[in-house]
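# Structural description and commentary
If you want the building blocks of each chain, they are given just below.
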Amino acid sequence: MPGKSSGGAGAVAERRLSVLQLLPALDAGGVERGTLEVAAELVRRGHRALVMSAGGRLLPELEASGAEHIAWPVGRKSLATLGYVPRLRRLLAERRPDILHVRSRLPAWIAWLAWRGMDPASRPRLVSTVHGFYSVGRYSAVMTRGERVIAVSASVRDYVLANYPGVDPARLRVIHRGVDPARYPHGYRPPADWLAAWYQRYPQLEGRFVVTLPGRLTRWKGQEDFIEIVAALKAAGLPVAGVMAGGAHPRKQAYARELEAAIRAAGLEGDLLMTGHRSDLREILAVSDVVLSLSHDPEAFGRTTIEALSLGRPVCGYDHGGVGEQLAAVLSAGAVPVADVAAVTTRLRQWYEAPPAVPAGHPFTLQTMLDATLAVYAELAEAPR
């Protein structure tokens, strides 16, 4: 279950905080989105929010929230980036933030090297968030050096403890990522104009049992399993239509062509479509009968899974990582053994006959995440040095 805030909003309100978050850039991604959400909540509660990055397309949104941006490329992979260590140390001494929160490995190294050279009695308190199952080694170990270490799921916490035995479990806090139920309301139906455009673009989906696999096209995400599943459902006589909702990185174009060839070889040209990158994933999830998560490697959290569940759409997924935690809490019938294509096929055949009811509430909300994060800030700001 998601980590709970020990102090909530009330604890944070006792003292005005200044928080500096560091990350490489402000382009699309879960790390970036979480940074913006926390910054906006800090401002909303009367605190000071600073963000250091190279900028990006989300910068206007950050600045519109009232947060201040410091345009330093602390995520640039170059030896010259080490030159920011003394500059950051000076900035920390001048700005005197209460909390220094690092969210990515290279910026974390710059921050830690600057921070450790400061007077422990006056330097900011150091928080790190482990957003994923980083490769194990000295480079990644910097993410465990926070005075408080936030893990985005219990699976990530367990990974940290298993691979970095020197980490004191008392420093770890599990704070699951969260979605805003107002943006992903249970039972949401897209507007009529979107539906008309969608079915005009993809008329083969009308009246079909639509099964969607969201996510970028990359081998570990399970697109090949998805092709097998759609083929098996079609062979069983179901009026299935599969949707791969996600694009391919320029370096993954060869894999995209492999998938297209596999779809043709399976005789699924009219039954399985690849949408490429879409900015309307919420709507696509909402018109799906079932959403899948087939990642062979565990997801640190798996945001699209909880987005679909929040909308009231059933999810069937491999039972590991953050997705396994979500399914255990919200729809346990959706959990199947990892890489067990036959189990997924069987479950979907059952759900075609009797769709499962998805609960209207769930614990993985944005506000829960924000409350817990700000509670960590407040706890650490008041903790003895």
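Scroll up for the structure.
Calculation criteria
Residues numbered from 1 in each chain as written. Predicted model: local features only at pLDDT ≥ 70, side-chain atom pairs only at ≥ 80, totals over all residues. Heavy atoms only, no water. Helix = DSSP H or I, 4+ residues; strand = E, 2+ residues; numbered from the N terminus. Rg over C-alpha atoms; globule rule 2.2 N^0.38 Å. Buried < 20%, exposed > 50% of the residue type's maximum accessible area, 1.4 Å probe, protein only. Contact = heavy atoms within 4.5 Å. Areas by Shrake-Rupley, 256 points an atom, 1.4 Å probe, with all protein chains shown as cover. Lys, Arg positive; Asp, Glu negative; His and termini not counted. Charge placed at Lys NZ, Arg CZ, Asp CG, Glu CD. Pairing = 2+ DSSP bridges. Axes fitted to C-alpha atoms, helices over the stretch in contact; angles between N-to-C directions.

### A short note on the overall build of the protein
Helices and strands together make up the secondary structure of the protein, namely 15 helices and 13 strands. The globule rule puts the C-alpha radius of gyration for 385 residues at 21 Å, and the 22 Å found for the protein is close to it. The dimensions of the protein, computed from C-alpha atoms along their principal axes, are 70 × 45 × 45 Å. Relative to its full complement of 385 residues, the protein shows a buried share of 55%. Taking as baseline every contact in the protein between residues at least 6 positions apart, the subset at least 24 positions apart corresponds to 71%. When the accessible surface of the protein is split by element, carbon and sulfur atoms take 51% of a total near 16,100 Å². In the protein, the 46 positive side-chain charges and the 37 negative ones have mean positions that sit 7 Å from each other.

### Some remarks on the sheet that holds strand E9 (residues 240-245)
With respect to topology, 6 strands assemble into an open sheet ordered E10-E9-E8-E11-E12-E13, the strand pairing being parallel. On the outer flanks of this sheet lie strand E10 (272-276) and strand E13 (335-336), each paired with one strand and no other. Looking at chain direction, strand E11 (residues 290-293) and strand E12 (residues 315-318) are connected through 3 bridges and run parallel. Counterpart to serine 293 in the pairing with E12 is glycine 317. Docked against the sheet, helix H12 (residues 303-310) engages strand E8 (209-214), E11 and E12, running at close to 155 degrees with respect to E12. Seen against the sheet, helix H14 (residues 341-353) touches E8, E11, E12 and E13 and runs at an angle of roughly 170 degrees to E12.

### Quick notes on helix H13 (residues 321-330)
Burial analysis of H13 places 8 of its 10 residues in the buried class, which makes it a mostly covered element. Every buried residue of H13 is accounted for by Gly321, Gly322, Val323, Gly324, Glu325, Gln326, Leu327 and Val330. Residues of H13 that are buried make contact with helix H7 (154-163), E11, H12, E12 and E13.

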